[in-house]
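Examination of the molecular architecture
For reference, the chains in residue letters:
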Amino acid sequence: MDLLSKLNQLLAKADINLTDKQKQQLIGYVELLVKWNKAYNLTSVRDPQQMLIRHIMDSIVVNGQLNGTTFIDVGTGPGLPGVPLAIVRPESHFVLLDSLGKRIRFLKQVQHELGLTNIEPIQSRVEEYPVGSGFDGVISRAFASLDDMLSWCHHLPSPTGHFYALKGMIHNDEITSLPEQFKVESIIELEVPELDEQRHLVKISIK
């Protein structure tokens, strides 16, 4: 099955509607991942069809839960979930933050080849990244623990902004041990088509 057919099949299962241009951009992103992965080792997933499930769908299923128009994807790696979300949310702006230069070089190539004017790849350690008025959403799927995410990213959201942590399994002690200035607003179980693993989105605000 070609990538477009597979993507259409997955989108239908998730009840997500996208334009032809958005679908082509998502496939273009997967093709760039495959091409650059050989030299840059960006992801352990090698099969393009699996990338559609584990990278594309795994990212965009959270789209309906996000509020606002300015987001920062912390520890974005090769652009996950920031690039797929930027493609399906063209009216939103995404800063893609990573400390590794090779990943940022890859993301600048993605930005150029796919014509993504709403992403901003930046090489920086998160605790050194200067923030202006703050972001509507601070997104991460790379952090080991919620505690680490909040301690390193506490300066990033606006006063009304949220943290969005993409997690696999949720451990109760991780939720109950959060610093008291943070409040877990919701824990949403996510359904990723053809992925037989737990996925959750933890939405956190500052009290």
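- An unreviewed UniProt entry annotates the chain as Ribosomal RNA small subunit methyltransferase G of Providencia huashanensis.
- Within the UniProt record for the chain, the comment given under Subcellular location (unreviewed entry) is "Cytoplasm".
- Its UniProt record, at the heading Sequence similarities (unreviewed entry), says of the chain: "Belongs to the methyltransferase superfamily. RNA methyltransferase RsmG family."

1. Re the layout of surface pockets
- Taken as a whole, the largest pocket spans an internal volume of roughly 430 Å³.
- Every residue lining the largest pocket is counted, 21 residues in all, and those nearest its centre are Gly75, Gly77, Asp98, Arg103 and Ala142.
- Looking at the lining of the largest pocket, its residues break down into eight nonpolar, eight polar and five charged.

2. What about the packing of helix 1 (residues 3-14) against helix 2 (residues 20-40)?
- The interhelical angle for the contact between helix 1 and helix 2, taken along N-to-C directions, is 120°, at an axis separation of 10 Å. Judged by the angle between their axes, helix 1 and helix 2 are oblique. Here helix 1 runs over helix 2; the crossing is right-handed. Taken together, the residues of helix 2 that come into contact with helix 1 (itself represented by Leu3, Leu4, Leu7, Asn8 and Leu11) are Lys23, Gln24, Leu26, Ile27, Val30 and Glu31.
- Looking at side-chain class alone, the contact of helix 1 with helix 2 contains seven nonpolar, two polar and two charged residues.

3. Comments concerning the packing of aromatic side chains
- Taken as a whole, this structure holds five aromatic pairs when the rule is applied.
- Geometrically, the ring pair formed by Trp36 and Tyr40 is edge-to-face, given 4.9 Å between the ring centres and 70° between the ring planes. Taken together, the residues span about one helical turn, with Trp36 and Tyr40 both in helix 2 at a distance of four residues.
- Taken together, the aromatic side chains of Tyr29, Trp36, Tyr40 and Phe106 make up a single cluster linked through ring pairs.

4. A short note on unusual backbone geometry
- The omega torsion of the bond from Leu80 to Pro81 falls at 5°, within 30 degrees of zero and hence cis.
- Along the chain, Pro81 falls in the loop between strand 1 (70-74) and helix 4 (82-88).
- Positive phi values are uncommon outside glycine, yet Asn41 reaches one of about 50°.
- Inspection of the secondary structure puts Asn41 in the loop between helix 2 and helix 3 (48-60).

5. Describing helix 5 (residues 101-114)
- The end-to-end C-alpha distance of helix 5, which contains 14 residues, comes to 20 Å, matching closely the 20 Å that a straight helix rising 1.5 Å per residue would cover.
- Among all positions in helix 5, only Gly101, Ile104, Phe106, Leu107, Val110 and Leu114 are buried.
- Along its buried surface, helix 5 packs onto helix 2, helix 4, strand 2 (93-98) and strand 3 (119-123).

6. Some words on the pairing of strand 5 (residues 157-167)
- Counted residue by residue, strand 5 has nine buried out of eleven residues, so it is predominantly covered.
- Bridge count between strand 4 (residues 135-140) and strand 5: five bridges; the pairing is parallel. Considered in strand 5, the bridge of Ile139 is made with Tyr164.
- Between the parallel elements strand 4 and strand 5, the chain passes through helix 6 (residues 146-153) in a crossover that is right-handed.
- With six bridges joining them, strand 5 and strand 7 (residues 200-206) adopt antiparallel strand pairing. Paired with His162 across the bridge in strand 7 is Ser205.

7. Quick notes on the pattern of salt bridges
- Under the counting rule described, the total for this entry stands at ten salt bridges.
- Across the pair Glu127 and Arg125 runs a salt bridge whose closest N-O atoms are separated by 2.7 Å.
- Accessibility expressed as a relative area gives 39% for Glu127, which makes it partly exposed.
- It is possible to trace a salt-bridge network through shared partners that takes in Arg54, Asp58, Arg141, Glu197 and Arg199.

So, how was this worked out
Residues numbered from 1 in each chain as written. Predicted model: local features only at pLDDT ≥ 70, side-chain atom pairs only at ≥ 80, totals over all residues. Heavy atoms only, no water. UniProt positions renumbered as here; feature names shortened; annotations may be inferred. 1 Å grid on protein atoms, 1.4 Å probe; cavity = no way out; pocket = protein on both sides within 12 Å on 5 of 7 lines; lining within 4 Å. Points joined across faces, edges and corners; volume = space filled by probe spheres on them. Nonpolar A, V, L, I, M, F, W, Y, C, P; charged D, E, K, R; others polar. Axes fitted to C-alpha atoms, helices over the stretch in contact; angles between N-to-C directions. Helix = DSSP H or I, 4+ residues; strand = E, 2+ residues; numbered from the N terminus. Parallel < 35°, antiparallel > 145°, perpendicular 65-115°, else oblique. Left-handed = near helix turned anticlockwise from the far one by under 90°. Contact = heavy atoms within 4.5 Å. Phe/Tyr/Trp six-rings, centres within 6.5 Å; stacked < 30°, edge-to-face > 60°. Expected span 1.5 Å × (residues − 1). Buried < 20%, exposed > 50% of the residue type's maximum accessible area, 1.4 Å probe, protein only. Pairing = 2+ DSSP bridges. Right-handed = clockwise from strand over helix to strand, strands pointing away. Salt bridge = Lys/Arg side-chain N within 4 Å of Asp/Glu carboxyl O.

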